[in-house]
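Residue-level structural notes
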Amino acid sequence: MSGVKRENTRELLEMESKYCSWGDTVHYSKNLKIFERAEDIYLYDSEGKEYLDLQMWYSAANFGYKNKRLNDRLKSQLDTIPQLACQYLHREKIELASKLAIMNEEKFGVKGRVHFNVGGSAAVEDSLKLVRNATGKNLMFAFYGSYHGRTLAVSEITSSYRYRRRFGHFSNRANFVPYPYCFRCFYGQKKESCGFYCIKQFAKLFETEYYSVYDAKAQACEFAAFYIESIQGTCGYIVPPEGYFKELKKILDMYKILLVDDEIQMGFFRTGKFWAIEHFGIKPDIIVFGKAMTNGLNPLSGVWAKEELISPDVFPAGSTHSTFSSNTLGTAVGLEVVKIIEEADFEKTVNEKGAYFVKRFKALQKKYPEMGDVDGLGLALRVEMCEHDGFTPSRDLANRMFEIGLEGNLSVGGKKRGLILDIGGYHKNIFTIAPSFYITKEETDLAVDLFEECLKTALKK
Ligand SMILES: Cc1ncc(COP(=O)(O)O)c(C=O)c1O
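Here the structure is a predicted model, which means the values were calculated and not measured.

About the criteria used
In this numbering scheme, every chain counts its residues from 1 along its sequence in written order. Two thresholds apply to this predicted model, a pLDDT of at least 70 for residue-level local features and 80 or more for giving and counting side-chain atom pairs, whereas whole-chain, interface and lining totals are computed over all residues. Angles shown run from 0 to 180 degrees and are taken between the N-to-C directions of axes, each axis being a line fitted to C-alpha atoms and, for helices, limited to the stretch in contact. Under the DSSP-based scheme used, a helix requires at least four consecutive residues in state H or I and a strand at least two consecutive residues in state E, with every element numbered from the N terminus. An angle counts as roughly parallel when it lies under 35 degrees, as roughly antiparallel when it exceeds 145, as roughly perpendicular when it falls between 65 and 115, and as oblique in every other case. Crossing handedness follows the turn of the near helix against the far one: under a right angle anticlockwise gives a left-handed crossing, and clockwise gives a right-handed one. By definition, residue pairs are in contact when their C-beta atoms, positioned from the backbone, come within 7 Å. As a rule, any residue with its backbone-derived C-beta atom within 6 Å of a molecule or strand is reported as near that molecule or strand. Charged residues are taken to be Asp, Glu, Lys and Arg, nonpolar residues to be Ala, Val, Leu, Ile, Met, Phe, Trp, Tyr, Cys and Pro, and polar residues to be all remaining types, Gly included. Any residue whose C-beta has 12 or fewer other C-beta atoms within 10 Å is treated as exposed, any with 20 or more as buried, and any in between as partly exposed, C-beta atoms being built from the backbone. The arc refers to the directions leading from the helix axis to the C-beta atoms. Start and end positions for the domains come from either an automated domain assignment or a database one. When DSSP finds two or more bridges between two strands, those strands count as paired. Put simply, a nonpolar core is buried Ala, Val, Leu, Ile, Met, Phe, Trp, Tyr and Cys residues tied into one set by C-beta atoms within 7 Å.

So, on to the packing of helix α12 (residues 395–407) against helix α13 (residues 441–460). For the pair α12 and α13, the least separation of the axes is 9 Å and the interaxial angle reads 120 degrees. The angle between α12 and α13 falls in the class oblique. Between α12 and α13 the crossing geometry is right-handed. Contacts from L397, R400, M401, I404 and G405 of α12 reach α13 at C454, L455, T457 and A458.

What follows is the structure in structure tokens.
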């Protein structure tokens, strides 16, 4: 690294500490890194060090960094219609909305429409408006471990109290229900023998008005919708047991509670299907999406809702609107992403690549009991770091590995590299692994070897 660069990095970090709010960043690491370049599955820091990225911007960059086709599409849109007020129409918005709506009609047999916004939280806010407008109610069910974003309304249905604590009273705070996290069952049950104990507990809430959610005389539930992530994202890429969502949906239908499916992190094939919910054989009333729709380029998020919830008769023009909502750059890239998906066979490749990752991680798990649980659906993979007993969560081990990965000094095949990992989970001990869809077998081997190096080094510390 040249002296000039080192000086430059130090200066930048000093400026950051003085002038950048930390409110919009996470600052997990004490050793802050400035990255200068991104390509394919790698990030490069200001020293030119290479880092293999196993989290791809929380699953926003599914199609690889600097994806040529998507970058070219963005550039061509810059040269044709880079800006346009959203009250006017442009082709890409209409085509993208149509493709998604037609696809959902084919998948779920339900007609609907698509509404755009910028950023996941904004789209979840829009979905809350749709629900409130349709039901006249403002209370929601959501899961423990849910993450639906950080704007004020959305914080009400995001389960962590830490995210709300500083910001006063949240009058519409959701009624949170345990998610089927079978490795650490909230009720201490065993998956093999529980008979969906958790669902039975949820169903119980409706038995008497004194359990506070349902008036049997009026046949009215106080709660409008249940917000789900069918694979829980931020809380650890947790895959629910077979049949869970079908059982839940029966209860929701019985009490006329809408189902809102947050696909912001898992949508666009992260789990090997376009929507994660397709794995579970149920039909949502509303789907919210974002992140990978533009591969993390010009942000765009969206909501699909059933016609009866979103038709202009009930949700008229301007019901919720933002200056940047259906921006021309985002919709152009979003449309190109959908075309890429139509041309590829991600159902096959994402599942195959995910299965290979799981196989390799499970082999490692035999050597290292600290990898308490390894699982995944498609390329949404989880490795739960534990004490030597393979169960007690070890946040400390996960943190050490995260830091070691970021140091960039892991040695595999005679070359030094770093490893970008992301930590999630209720106990902050889970690596939520979201590789690029284009990762090759050789790169997967390298990633798992780097992971092992990282773990070995952390265990020595
Ligand atoms: C499932 C889910 N919903 C909502 C959000 C919020 O999206 P954004 O960060 O774009 O506001 C996220 C972000 O990680 C998410 O994973």
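Having seen the model, we can carry on.
The environment of the ligand is formed by 15 residues, the closest being G120, S121, G149, I264 and Q265. Examining the composition of the shell around the ligand, we find that three residues originate from one element, helix α5 (residues 120–135), more than from any other. When the residues that make up the shell around the ligand are grouped by side-chain class, the tally is four nonpolar, nine polar and two charged.

Within helix α3 (residues 68–78), burial applies to L70, R73 and Q77. Each buried residue of α3 sits inside an arc of 60 degrees when the element is viewed along its axis, so together they form one side. Exposed side chains of α3 directed beyond 90 degrees from the buried face belong to K68, D72, K75 and S76. Contacts made by the buried residues of α3 are with α10 (328–343).

Right, let's talk about the domain arrangement of the chain for a bit. In terms of domains, the chain is made up of domain 1 (3–66 + 345–460) and domain 2 (73–343). If you average the C-alpha positions of domain 1 and of domain 2, the two centres end up 27 Å apart. Counting from both sides, the interface comprises 29 residues of domain 1 and, opposite them, 24 residues of domain 2. Listing elements by their share of the side of domain 1 that touches domain 2, those giving two or more residues are α2 (56–59), α11 (346–367), β13 (371–377), β14 (380–385) and β18 (430–433). When residues in the side of domain 1 that touches domain 2 are grouped by element, the largest group, five residues, is from α11. Each residue belonging to the side of domain 1 that touches domain 2 can be placed in one class, and the counts come to 15 nonpolar, nine polar and five charged.

Moving on: the sheet that holds strand β16 (residues 415–420). In space, the five strands of this open sheet follow the order β1-β2-β3-β16-β15, with mixed pairing throughout. This sheet does not close on itself; its edge strands, each paired only once, are β1 (35–39) and β15 (410–412). Across the sheet, the mean angle from the axis of one strand to that of its neighbour is 40 degrees, orientation sign disregarded. Sheet topology places strand β2 (residues 42–45) next to strand β3 (residues 50–53); three bridges connect them, and they run antiparallel. Bridging across to β3, L43 finds its partner in Y51. This element, α13, spans β3, β15 and β16 of the sheet and lies at about 135 degrees to β15.

Counting 125 residues, the largest nonpolar core has A225, I286 and L419 as the members making the most contacts within it. The two domains that each donate at least three residues to this core are domain 1 (3–66 + 345–460) and domain 2 (73–343). Leaving out residues up to four positions away in the same chain, I286 has contacts with S127, L130, L258, V260, D261, V303, W304, A305 and L309.

Here the focus is unusual backbone geometry. At F268, a residue that is not glycine, the phi angle is positive and equals roughly 60 degrees. Along the chain, F268 falls in the loop between β10 (258–262) and β11 (286–289).

Where helix α4 (residues 91–108) meets α10, the closest approach of the two axes is 8 Å, and the angle between their N-to-C directions is 40 degrees. One element, α4, and the other, α10, form an angle in the oblique class. Taken as a pair, α4 and α10 cross one another with a handedness that is left-handed. Here E92, K93, E95, L96 and K99 of α4 lie close against α10, whose contacting residues are T328, T331, A332, G334, L335 and V338. Classifying every residue of the contact of α4 with α10 by side-chain character gives four nonpolar, three polar and four charged.

As a further point, take the sheet that holds β13. Where strands meet in a sheet, backbone hydrogen bonds hold them as pairs that are either parallel or antiparallel. Reading across from one edge, β13-β14-β18-β17 is the order of the four strands in this open sheet, with antiparallel pairing throughout. For this open sheet the edge positions go to β13 and β17 (423–424), each flanked by a neighbour on one side alone. Relative to β18, β17 runs antiparallel, the two sharing two bridges. Bridge pairing in β18 links G424 to I430. Lying on the sheet, α11 is in contact with β13 and β14; it crosses β13 at an angle near 170 degrees.

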